[in-house]
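# Tertiary structure, described
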Amino acid sequence: MRNSIQWTGFILVFFFTSCGDKKAGPQAPPPTPVTLYTVAAGNATYYDSYPATVTPLNQVDIKPQVSGNIVGIYFKDGQHVRKGEKLYEIDQQQYRAAVDQAVANLNVAKANLAKSQQDADRYTELSKQDAIAKQTLDHQIADLESAKRQVEAAQASVASVQTNLKYSVIYSPFDGTIGISQVKVGTSVYPQTLLNSISTDNPMAIDIAIDQAEIPQFTKYMEKGTSDKDSIFTVTLPDGSVYKYAGHLYLLDRSVDPTTGTLKVRLVFPNPEDELKAGLTANIRVKHDAGQASLLIPYKAIVEQLGEYFVFMADSNRALMKKVTLGTRINDKIVIRSGLQEGDKVVTEGVQKLRDSSAIQTGAPKPAATPAAK
């Protein structure tokens with residue numbers, strides 16, 4: 001009898017326990033708080049800024065090719081000079097004397113040649129009459145050839161010393177601005193002594209370094225060309241002002257720097273007012289245009305899975321995964337080529353907590369329900 005009562009109690013306990021478990025079953029997770037962004041068409045034009053350095057298109061160091069003392073300087077430091085303008089003069093006395101001596105030696109050689117020619121002609125006539133030995137004629141013809149070679153050597157000597165005399169005066173190789181002279185009148189100079197530097201100043205080049213991933217885009221700019229009236233390249237000067245002249249793409253360097261993964265790009269800008277100075281640091285602003293008005297969404301809305309891209313699009317109170325095709329990234333936004341339409345709402349905050357068809361809630365989350373007091 002006692003055992004029956006115990007089993008009956010056990011069954012009642014199990015029954016009530018089971019009933020309690022059914023009431024405490026799993027509940028659906030609360031909606032995920034999210035922030036939505038309405039897809040709209042926007043201007044796909046954006047700007048990139050690159051540190052830049054101004055450099056002349058042509059610059060040379062002026063060095064003498066002969067030795068001597070500087071006897072004349074014919075410009076002012078920083079002056080704009082023309083091609084062929086006289087810049088420096090080295091003492092010419094020794095070079096003029098060398099020219100005079102070389103000319104005199106040439107005249108002597110020519111006189112000896114004339115005498116040898118006359119003797120050769122005379123001996124040739126005598127040889128025809130068998131009046132002299134053939135050996136005598138052969139020796140005279142050899143002397144004539146030697147005299148000819150001596151004239152050629154003397155002429156070369158004259159050309160050499162005349163070149164030295166010409167090098168004693170230094171002229172500007174092109175139009176440009178000359179720097180501060182490194183020597184004064186009376187300074188003794190020799191070949192490879194740096195006298196000055198001269199560089200072109202209009203137009204001026206500006207160099208930037210681009211990442212190797214940007215090479216295809218700049219190659220297109222190079223092939224297409226740019227208009228000076230609507231150039232995509234502008235300069236921001238060190239004081240923050242924008243340079244009023246637009247520039248164009250001049251060249252892409254031949255190779256990528258393996259240490260930095262960048263490629264040098266050279267732009268050219270007019271410089272009629274001499275505002276751009278060699279060595280000036282500035283910033284180049286490049287205007288990129290991804291096309292006509294495009295659908296733009298925040299880049300943080302994008303989810304990548306196995307090389308494909310998705311967004312969570314709000315449909316009533318659910319978030320549905322939608323595959324999209326991406327275009328150009330523009331700062332914090334991305335162009336959507338396909339997959340969305342204007343007016344669609346995509347999730348930008350709370351993306352990490354979502355799955356396909358997850359329940360979502362916009363705005364402040366609802367407070368959790370408090371249990372009733374017993």
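What counts as what
Residues numbered from 1 in each chain as written. Predicted model: local features only at pLDDT ≥ 70, side-chain atom pairs only at ≥ 80, totals over all residues. Heavy atoms only, no water. Pairing = 2+ DSSP bridges. Helix = DSSP H or I, 4+ residues; strand = E, 2+ residues; numbered from the N terminus. Patch = residues over 30% accessible without salt bridge, like charges linked within 9 Å, V, L, I, M, F, W, Y side chains within 5 Å. Areas by Shrake-Rupley, 256 points an atom, 1.4 Å probe, with all protein chains shown as cover. Salt bridge = Lys/Arg side-chain N within 4 Å of Asp/Glu carboxyl O. Core = buried A, V, L, I, M, F, W, Y, C linked by side-chain atoms within 4.5 Å. Buried < 20%, exposed > 50% of the residue type's maximum accessible area, 1.4 Å probe, protein only. Contact = heavy atoms within 4.5 Å. Phe/Tyr/Trp six-rings, centres within 6.5 Å; stacked < 30°, edge-to-face > 60°. Polar contact = N/O pair within 3.5 Å; in protein donor to acceptor, adjacent residues only side chain to side chain.

### As for the sheet that holds strand β4 (residues 59-62)
Read from one edge of the open sheet, four strands run β4-β11-β9-β6, paired in antiparallel fashion. The two strands at the open ends of the sheet, each matched to only one other strand, are β4 and β6 (80-81). Two elements, strand β9 (residues 176-178) and strand β11 (residues 196-199), share two bridges in a ladder whose sense is antiparallel. In the sheet register, Thr177 faces β11, and the bridge partner there is Ser199.

### Points about the pairing of strand β21 (residues 333-338)
Residues in a regular strand project their side chains so that they alternate between the two faces of the sheet. By the bridge criterion, four bridges tie strand β17 (residues 294-298) to β21 in an arrangement that is antiparallel. Looking at β21, one finds that Ile297 is bridged to Ile334. In terms of strand pairing, strand β20 (residues 318-330) meets β21 through four bridges, oriented antiparallel. Bridge pairing in β21 places Arg329 opposite Ile334. Two successive antiparallel strands, β20 and β21, enclose a turn made up of two residues, where Asn331 displays a positive phi of approximately 55°.

### Focus on a nonpolar patch on the surface
Taken together, Leu57, Met222, Tyr250 and Leu251 make up a surface patch of nonpolar side chains, about 310 Å² in accessible area. Here Tyr250 lies in strand β14 (residues 248-252).

### What to know about the sheet that holds strand β8 (residues 169-171)
Taking strand neighbours across the sheet as the criterion, the four strands line up as β8-β7-β5-β10 in an open arrangement whose pairing is antiparallel. Unpaired on one side and paired on the other, β8 and β10 (188-189) mark the two borders of the sheet. Pairing analysis gives two bridges linking strand β5 (residues 68-73) to β10, with the strands arranged antiparallel. Residue pairing for β10: Gly68 is matched across the bridge by Val189.

### A closer look at the nonpolar core
Membership of the largest hydrophobic core comes to 25 residues, with the highest contact counts inside it found for Ile62, Leu87, Tyr88 and Leu195. The residues touching Leu87, leaving out its near neighbours within four places in the chain, are Ile62, Gly72, Ile73, Tyr74, Phe75, Val81, Ile170, Tyr171, Ser172 and Ile178. Of all hydrophobic cores here, the second largest spans 23 residues; its members include Ala52, Ile206, Tyr221 and Leu237.

### Observations concerning the packing of aromatic side chains
Under the counting rule described, the total for this entry stands at seven aromatic pairs. Arranged with centres 6.5 Å apart and planes meeting at 70°, the rings of Tyr243 and Phe269 form a pair that is edge-to-face. With Tyr243 in the loop between β13 (233-236) and β14 and Phe269 in strand β15 (residues 262-269), this pair connects stretches of sequence that are 26 residues apart. Residue class for Tyr243 comes out buried when judged on its relative accessible area of 3%.

### Focus: the side chain of Asn196
Here Asn196 is to be found in strand β11. For Asn196, a relative accessible area of 2% puts it in the buried group. Engagement of the side chain of Asn196 in a polar contact is seen with the side chain of Tyr88, the distance being 3.3 Å. Non-local contacts of Asn196, meaning those with residues more than four positions away in its chain, are made with Val60, Asp61, Ile62, Phe75, Tyr88, Ile178, Gly179, Ile180, Ser181 and Gln182.

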